[in-house]
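Survey of secondary and tertiary structure
One letter stands for each residue in the lines below.
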Amino acid sequence: MYNNKWFIVPKAKPAAKLRLFCFPYAGGQAAIYFPLARLLSEQIELVAVQLPGRGNRMFEPALTSAQDIAKAVAPQIQACADKPFALLGYSNGCLQAYEVAHRLQQADVRHVFMAARSAPQLGIQREPIHLLADQQFKQELALLGGTPQELLAYDELMELMLPTLRADFKLGYDYQCPQVNPPAIDLTSIAGRFDKDVPAENVLAWQQLFAGSCQHHVIDGDHFFINTHLTKMAHIIELALLPHCQQAKATIANTKAALSG
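Conventions and cut-offs
- Residues numbered from 1 in each chain as written.
- Predicted model: local features only at pLDDT ≥ 70, side-chain atom pairs only at ≥ 80, totals over all residues.
- Heavy atoms only, no water.
- Helix = DSSP H or I, 4+ residues; strand = E, 2+ residues; numbered from the N terminus.
- Expected span 1.5 Å × (residues − 1).
- Bend = angle between axes of the 7 residues up to and from the residue.
- Buried < 20%, exposed > 50% of the residue type's maximum accessible area, 1.4 Å probe, protein only.
- Contact = heavy atoms within 4.5 Å.
- Pairing = 2+ DSSP bridges.
- Axes fitted to C-alpha atoms, helices over the stretch in contact; angles between N-to-C directions.
- Core = buried A, V, L, I, M, F, W, Y, C linked by side-chain atoms within 4.5 Å.
- Phe/Tyr/Trp six-rings, centres within 6.5 Å; stacked < 30°, edge-to-face > 60°.
- Lys NZ or Arg CZ within 6 Å of the ring centre and 35° of its normal.
- Arc of directions from axis to C-beta.
- Parallel < 35°, antiparallel > 145°, perpendicular 65-115°, else oblique.
- Left-handed = near helix turned anticlockwise from the far one by under 90°.
- Nonpolar A, V, L, I, M, F, W, Y, C, P; charged D, E, K, R; others polar.

We now examine helix α6 (residues 155–174). For α6, spanning 20 residues, the distance from its first C-alpha to its last is 28 Å, which sits close to the expected 28 Å at 1.5 Å a residue. The sharpest bend along α6 measures roughly 45° and falls at M161, with the proline P163 sitting one to four residues further on. By the burial criterion, the buried members of α6 are M158, M161, L162, T164, L165, R166, A167, D168, F169, L171 and G172. The inward-facing, buried residues of α6 contact α2 (66–78), α3 (93–103), α4 (134–144) and α5 (149–152).

Look at S91: it is not a glycine, yet its phi comes out positive at around 55°. Positionally, S91 belongs in the loop between β4 (85–90) and α3. The exposure class assigned to S91 is buried, which follows from its relative accessible area of 12%. One non-glycine residue, A116, lies in the positive phi region at around 60°. Of note, A116 is situated in the loop between β5 (109–115) and α4. On the accessibility criterion, A116 (0% relative accessible area) is buried.

Take the sheet that holds β5 next. On the basis of which strands lie adjacent, the open sheet formed by 7 strands has the order β1-β3-β2-β4-β5-β6-β7 and mixed pairing. At either margin of the open sheet sits one strand with a lone partner, and together these are β1 (7–8) and β7 (214–219). With 5 bridges joining them, β5 and strand β6 (residues 186–192) adopt parallel strand pairing. Each residue of the ladder has a partner; that of H111, found in β6, is D186. Most of the contacts of α3 go to β4, to which it runs at about 150°, and overall it touches β2 (18–23), β4 and β5.

The biggest cluster of nonpolar side chains holds 40 residues, and the ones touching the most others in it are F7, I77, L87, M114, W206 and F210. Contributing elements (two or more residues each) for this core: β2, β3 (44–49), α2, β4, α3, β5 and β6. Of all hydrophobic cores here, the second largest spans 31 residues; its members include C22, Y90, I237 and L241.

All right, on to the packing of aromatic side chains then. Here the structure, examined in full by the defined rule, presents 8 aromatic pairs. Of the aromatic side chains, those joined through ring pairs into one cluster are Y25, Y90, F224 and F225. Across the ring face of W6, the terminal group of R57 is positioned such that the distance to the ring centre comes to 4.2 Å.

This next bit is on the environment of Q125. Tracing the backbone through its elements, the reader meets Q125 in the loop between β5 and α4. For the pair formed by Q125 and Y173, sequence separation is 48 residues and the distance between their alpha carbons is 8.7 Å. Not counting chain neighbours up to four residues away, the residues in contact with Q125 comprise S118 and N202.

Of the residues making up α4, those classed as buried are F137, K138, L141 and L144. Looking straight down α4, one finds that the buried residues subtend no more than 115° of arc, so they occupy a single side. Each element contacted by the buried residues of α4 is listed here: α5 and α6. One or two steps after α4, the chain reaches G145, where phi turns positive at roughly 90°.

This part takes up the packing of α2 against α3. Interaxial distance between α2 and α3 falls to 8 Å at its minimum, and their mutual angle equals 55°. Judged on the interaxial angle alone, α3 and α2 are oblique. Relative to α3, α2 is oriented so that their crossing is right-handed. For the pair formed by α2 and α3, the contact residues are A66, Q67, I69, A70, K71, A74 and I77 on the first element and L95, Q96, E99, V100 and R103 on the second. Within the contact of α2 with α3, the residues separate by chemical class into 7 nonpolar, 2 polar and 3 charged.

Next up on the list: the pairing of β4. Extensive coverage of β4 is indicated by the burial of 6 of its 6 residues. Of the two faces of β4, both are covered, the one formed by F85, L87 and G89 as well as the one formed by A86, L88 and Y90. In terms of strand pairing, β2 meets β4 through 5 bridges, oriented parallel. Note on β4: the bridge partner recorded for F23 is G89.

What follows is the structure, encoded as structure tokens:
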């Protein structure tokens, strides 16, 4: 897993009881999850998904559908299923996590976190900004707030990044909620109280798409509360995953006792 181009493990935790695979927001790369990895306990090993078209995969063409991403990533996650795992999606990453959850619901996926994204059955709430001319597109990116100003001002780097950014926003705009049975997986939805683009009730609506137990949290932040309220987010994740970690620990202990007996 540590040599897989799809995954970056910011902090290896060999004794962890569970892995958390994290999908980034539009234009984001695996590095956005590095601070979260440092906040989580030794029981949870964070695995950041590195999509094509960014970071160390900058020169690979970006994928333009959540289904294509899930088709590629799900087998890679399943190959790492020596431990129970959970999925986390942030904004656009929720669509990818949702598609992966469907493909792996028969595997050992214990929990799904959906953060800062309206549930897809509600339809799209924004204009197709990926179709705008470059200058207008960059202006929209600046208004959304997720792209650093220094990157927006760096013309050469932006020229490299624009195809990936367009692909990501196209992915979010084109996505259609599949007509499938809700997976029997536990869900935690997380919203920003001051998110002007994604109301908390729209994030809560993810509960309609899961058949497991559901929890909902509202954090005092805007759309990018991952940057401003990360400690609170980490606490929510820890509380949700603690029972699964304890269960995995008990299973390992019972297996060892059976083998020694």
